[in-house]
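# Breakdown of the fold
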Amino acid sequence: MKPGLAFIASLALALMASTAIAQTKETLTIDLPNDVATLDPHLQWNTDSYTVYRNIFDNLLTRDSGGKIVPQIATEWTYENDTTITFKIRADVTFQDGSKLTAEDVAFSINRIIDPALKSPQLSQFDQIATAEVVDPTTVKVTTKSPYPALLAQLVKLSIVPKAYVEKVGDQDFNLHPVGSGPYKMADWKKGIQTELEAYDNYWRGEPPFEKVVFRAVPDVSTRIADLKTGKADLIRDVPPDQASTIESDSTKLLTGETERVGYLYLNAEAGPTKDVRVRQAIAYAIDKQGLVDALLEGYGKPINVVGAEPIFGYTEAVEGYPYDPQKAAELVKAAGAEGATVEFLTSPSYPRALVEAIQQMVNEVGLNVTISSSDQATFLKRRQGDAENAGGMAFGAWSCACQDADGIIFPLFRSGSIWAKYKNEKYDALVDQARAILDEGKRKELYTQAYEVLREDVPGLGLYQVYALYGAAKNLQWTPSANEAMFVMDMSWQH
Amino acid sequence: MLNYTVQRLIQALVAIFGVLTIVFVIMHLSGDPTLLLVPQDASAEMIAELRHQLGFDRPIWVQYIDYLHGLTQLDFGMSVVQRVPALDIVASRLPYTIQLAAGALMVAIGIGIPSGIIMATMRGSAIERILAAIVVTGQSVPTFLSAILLIFIFGVTLRWLPTSGASELRAMIMPSIALGALSMSTFARMSRIAIIDELGKDYVRAGLARGLSLGQTVFRHVLRNASIPVITIAALEIGNLLAGAVIIETVFAWPGIGQLAIQSIQSRDFLVVQVIVLLISFVYVLTSVLADLVYVVVDPRIRLVR
Amino acid sequence: MTASAHAIRQRLRRVPPSVIVVSVLLAAIVLLAVFAPLVAPADPNNQTLLARLKAPGFTYRGVTYWVGTDDLGRDLLSRTVYGARVSLGVAALSVIVSTMVGVSLGMLAGWFRGWTETIIMRLVDIMMSIPAILLAVLTVAVLGPGFLKLVLVLGLTRWPRYTRVAYAQTLQVSNLPFIKASELAGAGAVRILFHHVLPNIAGPILIVATAEFGLMILMESGLSFLGLGIQPPSASWGSIMSVGRQYLERAWWIVAVPGVCLFLLVFSVNVLGDWLRDQLDPRSRSR
């Protein structure tokens, strides 16, 4: 290119860039991997969907930056007995259509999501609730089927929808034109492309920080990063750790959040060579967690000893982990007579391929023969959750219940009878069952420590590292990522 | 002629019905979406319950008849993932694919046909060799490779063009080029062959003998006659472009039906996949019927007995 | 017949230099694939996590990585050499599968006519009107990925093209006097089809097969690119590129090395295929 042309081009670019910045003052653009599936908050519960609709709706309860459950729509709550709890509801909240939010709407929301007729995929999160009743316009009574300590943690995820509006327009139309009480109202939903939200000026917590928020669907990581760098996006989610170093620049920065999500390895304790506990222990000794974190995560993660991370209730430092000891691992494999035994490593493109391959090599080095079976996510789940015989020998997973409680992790993963568990230990089952049914925090903590000790012995799964969520952001965007990976626009602002 | 048209249309209907059935069976063999829909801590009973509510526990032939019954009332069913009629979802994405295919077709025709004309009329020259090499190159670069190259050069390094999305018209440039490259080669070859065929005919020789220049002959007569096979190719290329859009749309995050198809297959959103496949095969079948008819109209000697 | 064979021999003597160049290139790639263990400087799957994403020419512990390393510190040269096996192997085998299926069905349809013809040719219509890449993605969802399954998926989605050609050719050939004669002499259908019909339609089939071979390589790399191809740690050129796409800025060589190889391979196949078509098909012959 001729120098003159280059000059004109760069001038034009500079002009375009400056107008772009002027515009972003009003609009915040966020790149997500996918578009929302449903905007009806009682239907789909996947990250891309709730990231958007939780800005349209308020939740009954929420968490503060320290992870503690605090009031949102409910101001206070009291346990009448082990299965009954009453919530006081705020009186100053209005929905975006101008109507007032009352106890009627709260009870309706709870009863709607547990109604089988809605066919809500989220039903299982709330199925411990028997019913919700209106006591007076600001009081709701919720009854659970049995004592259920995780109830409050689950209600953090419950969005409150307007009863009158939903009943008027019907379920299908409500999904397309949702109305909530949150800081933003839906302006324009281009399905599969982007969702545009507009500030709701009468929001009860104060004026929302941006006039407009646009969530765009950008499936490709490199494209998301390019968008950030070219100023097309102000915030991007799901930056892979080994791309983190490319994010920092004059106009962009990297935001990290130490999450409650754990990277773990599942080991099949009911079939194949891994049925032998020595083989499972050998695999535990064979994996260099620190090495994985340093090399593949480039330090964005923290090795852990249990299947759980610091932000969760029940996390313990008291349980010892397996140190990296390939020699001991090789001896255990030999002792079990499993040298050269084939272990199938199930995975799908949803999981980090490099990590899976690195673990494969580490385990191969101690005398096993690991073969990777990578299929699409639907097939992976069918096998992983199906019969133990067909569920592979090992698999990588990254688990978060967004409830910051050990119950949400090790109960579904290892309690016998759960779809994920390929493991049965009556002592373990008793411990986690008991911890699920009592409300005393000190006692629960102790039970989980014991449960983690059992898991250490039996290794039906192996905690690898605490996941750090990585975001790329425009330099002047102010926001602190949270442990449960929620993205509330209310918490963000432009720096001045 | 009428007989032939009717016969072709019946064949087309049979083909579309077959496509529908084959895709239905393959999709159902691949499992159902229930596991992808439930939260990770769902119990086996909850999964079974949702599967029942969604109707995936019924025998496949019952689901098939149910689906066909819906189709007779022009009901293409609901997306289980988005809870919106499948037809609406596809309809909202279709304009983007049409836009992209049109852009690609412009690239393909705009570069391909002039190249073909030049190659045919300047045979043996250095220009022909160079163009021939370019045509083969266009045919040999995987679409995703050219996509990556374009993004890297014009999007990331030079920052001239947006790297993804469909928010502005400029965003169309790179995907159109990447998608059009392959068709460009087809057009160049086909127009070259068609023109060479025409050039060998008596009327051209006669014209040249009467003292018309080659350029005049080509522009007055040859191009018109040679355009017929090229038009039919254009019709068939539309089907190919729709298929090529699958990868290009994924790389460029272009929100058309190609990207939707891949996402819907992966999320086992059966009815959305059905609508897309139905649509693409409809376009394909329709254009090939039209192409056949054009042939018959233009050249009555051709009698297709297929 | 002999006259045209003579003409072909005549023309073969005037092979253009470009065809010679690509033939040598193609032969080199095939040899590379066949003798991969001898050519590759290292084990293609051996990881060195401390030598990730290193540029071409990087030396670590006395090992030089001539074209750099990938995201697990594996030698990219060795992976590319072994990747040639997968890319070529899948393409070659799936072309064989689809040729066998397609040609047999086409000959049957053209010979027996009637119901056989109707069923087969309608099936061809159906298969042709589903975009091949979508059909492949769908089938992978059922069969699962892996080398042999990939061959099966590609082979079973691409046969209709051969069927159309074989069918049309069989219709023409079956009216030739010597075939009529051997039918009257009591030869069975299978015998006639394989001994008399097949040799006479081999030319056009060969043209389709070369064009398809290039397409198969692209299809395989496309599927691998979508993450539906070969199982890791094995790699094809497409899957190496799909990994490298994330590292375009940090490690351009991961895409560039297999990308250039893939381009050269398909380019060679296409040039060779074009030339072959000019030789065999008098209609498109132009020089």
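All residue numbers refer to position in the chain's written sequence, counted from 1. Chain letters start at A and ligand numbers start at 1, both assigned in the order the entries are written. Residues qualify for local features only when their pLDDT is at least 70, as the model is predicted, and side-chain atom pairs are given and counted only at 80 or more; totals for whole chains, interfaces and linings, by contrast, use all residues. Remark: hydrogens and water are excluded; side-chain values derive from all non-hydrogen atoms of the structure.

### Considering the packing of aromatic side chains
As a reminder, the rule being used: Classification of ring pairs rests on two measures: the distance between centres of Phe, Tyr or Trp rings, Trp counted by its six-membered ring, which must be within 6.5 Å, and the angle between planes, read as stacked under 30 degrees, edge-to-face over 60 and tilted in between. Each residue gets one of three labels from its accessible area relative to the maximum for its type: buried under 20%, exposed over 50%, partly exposed in between, using a 1.4 Å probe on protein chains only. Placement of a positive charge over a ring is assigned whenever Lys NZ or Arg CZ falls within 6 Å of the ring centre and within 35 degrees of the normal to the ring plane.
One pass over the structure, following the stated rule, counts 22 aromatic pairs over all chains. Ring geometry for Tyr 471 of chain A versus Trp 479 of chain A: centroids 4.8 Å apart, planes at 80°, classification edge-to-face. Each of the two residues, Tyr 471 of chain A as well as Trp 479 of chain A, counts as buried. Summarising the aromatic geometry, the rings of Trp 252 of chain C and Trp 253 of chain C are spaced 5.6 Å apart at their centres and angled 80° between planes, so their arrangement reads as edge-to-face. Exposure remark for Trp 252 of chain C: the relative accessible area of 46% places this residue in the partly exposed category. What links up through ring pairs into an aromatic cluster is the set Tyr 351, Phe 380, Phe 396 and Tyr 465 of chain A. Above the ring of Tyr 50 of chain A, the side-chain terminus of Arg 54 of chain A is found at 5.7 Å from the ring centroid. The ring of Trp 204 of chain A carries the charged tip of Arg 205 of chain A above its face, separated from the ring centre by 5.9 Å.

### Quick notes on unusual backbone geometry
Test applied: Secondary structure is summarised from DSSP: a helix means a run of H or I of at least four residues, a strand means a run of E of at least two, and numbering begins at the N terminus for each.
The amide bond that connects Pro 232 of chain C to the next residue, Pro 233 of chain C, takes the cis arrangement and shows omega of 10°. With respect to the secondary-structure elements, Pro 233 of chain C resides in the loop between helix H10 (189–225) and helix H11 (237–244). Non-glycine residue Lys 119 of chain A carries a positive phi angle of around 55°. Structurally, Lys 119 of chain A can be placed in the loop between helix H3 (103–113) and helix H4 (123–126).

### A look at the pattern of salt bridges
Side-chain pairing between opposite charges can occur once the charged atoms of the two side chains come close. Let me state the cut-off plainly: Here a salt bridge means any side-chain nitrogen of Lys or Arg lying within 4 Å of a carboxyl oxygen belonging to Asp or Glu.
In total, this model carries 36 salt bridges over all chains according to the counting rule given. Ionic pairing is found between Arg 353 of chain A and Asp 71 of chain C, a salt bridge with its closest N-O pair at 2.6 Å. Within this pair, whereas Arg 353 of chain A is found in helix H12 (residues 353–364), its partner Asp 71 of chain C is found in the loop between strand S2 (63–65) and helix H4 (76–112), the two belonging to separate chains. Among the ionic contacts, a cluster of salt bridges with common partners joins Arg 353 and Glu 357 of chain A together with Asp 70, Asp 71, Arg 74 and Arg 79 of chain C.

### Some remarks on the interface of chain A and chain B
Note the cut-off: The contact criterion used throughout is that any non-hydrogen atoms of two residues lie within 4.5 Å. Buried area is understood as the total, over both parts, of accessible area removed when two parts are fitted together, assessed with a 1.4 Å probe. Any pair of nitrogen or oxygen atoms within 3.5 Å is treated as a polar contact; in protein, a donor-acceptor pairing is required on top of that, and neighbouring residues in sequence qualify only through side-chain atoms on both sides. Put simply, Ala, Val, Leu, Ile, Met, Phe, Trp, Tyr, Cys and Pro go in the nonpolar bin, Asp, Glu, Lys and Arg in the charged bin, and everything else, Gly too, in the polar bin.
Residue-level contacts link 50 residues of chain A with 46 residues of chain B. For the pair chain A and chain B, the summed buried area comes to about 3,700 Å², and 56% of that belongs to carbon and sulfur atoms. Where chain A touches chain B, the interface holds one salt bridge. Here Asp 376 of chain A ties to Arg 268 of chain B by a salt bridge, and the two come within 2.9 Å at their closest N and O atoms. Scanning the region where chain A abuts chain B turns up 11 residue pairs in polar contact (both at pLDDT 80 or more). The set of elements that each furnish at least two residues to the side of chain A that touches chain B consists of helix H1 (3–24), H4, helix H7 (171–176), strand S10 (212–217), helix H8 (221–229) and helix H13 (377–384) of chain A. In terms of residue count, H13 of chain A provides more of the side of chain A that touches chain B than any other element does, five residues in total. Residue composition of the side of chain A that touches chain B, by class: 22 nonpolar, 17 polar and 11 charged.

### Let's talk about the domain arrangement of chain B
Residue and element names in this part refer to chain B. Going by this rule: Note that the domain bounds were set by an automatic or database domain assignment.
Structurally, chain B comprises domain 1 (2–72) and domain 2 (86–296). Taken together, the 20 residues of domain 1 in the interface contact 18 residues of domain 2. Summing both sides of the interface, domain 1 and domain 2 together bury roughly 1,700 Å²; the carbon and sulfur share of this comes to 77%. Sorting the residues of domain 1 by area buried against domain 2 places Arg 8, Ile 16 and Met 27 first, and these three jointly supply 31% of that buried surface. Our count for the domain 1 to domain 2 interface comes out at zero salt bridges.

### Notes on H10 of chain C
Owing to its 3.6 residues per turn, the α-helix aligns residues three or four sequence positions apart on the same side. Short version of the rule: To estimate how far a helix should reach, multiply one less than its number of residues by 1.5 Å.
Counted at 1.5 Å a residue, the expected span for H10 of chain C with its 37 residues is 54 Å, but the 44 Å between its end C-alpha atoms falls short. Residue Gly 227 of chain C follows H10 of chain C closely and has a positive phi angle near 85°.

### With respect to the pairing of strand S12 (residues 252–267) of chain A
Residues and elements named next belong to chain A. Selection criterion: When DSSP finds at least two bridges between two strands, those strands are taken to pair.
In terms of residue burial, S12 counts as a mostly covered element, since 14 of its 16 residues are buried. With 12 bridges joining them, S12 and strand S17 (residues 461–474) adopt antiparallel strand pairing. Residue pairing for S17: Gly 257 is matched across the bridge by Ala 469. Relative to strand S16 (residues 394–399), S12 runs antiparallel, the two being bridged by six bridges. Bridge assignment links Gly 263 to a residue of S16, and that residue is Ala 398.

### So, the interface of chain B and chain C
On the chain C side, the residues contacting the 45 residues of chain B number 40 residues. Together chain B and chain C conceal approximately 4,000 Å² of surface at their shared face, both sides included; 75% is due to carbon and sulfur atoms. Summed over the shared surface of chain B and chain C, the number is one salt bridge. Seen at the junction of chain B and chain C, the total is two residue pairs in polar contact (both at pLDDT 80 or more). Contributions of two or more residues to the side of chain B that touches chain C are made by helix H1 (2–29), helix H6 (126–140), helix H7 (143–157), helix H8 (173–199), helix H10 (214–252), helix H11 (257–266) and helix H12 (270–298) of chain B. The class makeup of the residues in the side of chain B that touches chain C is 30 nonpolar, eight polar and seven charged.

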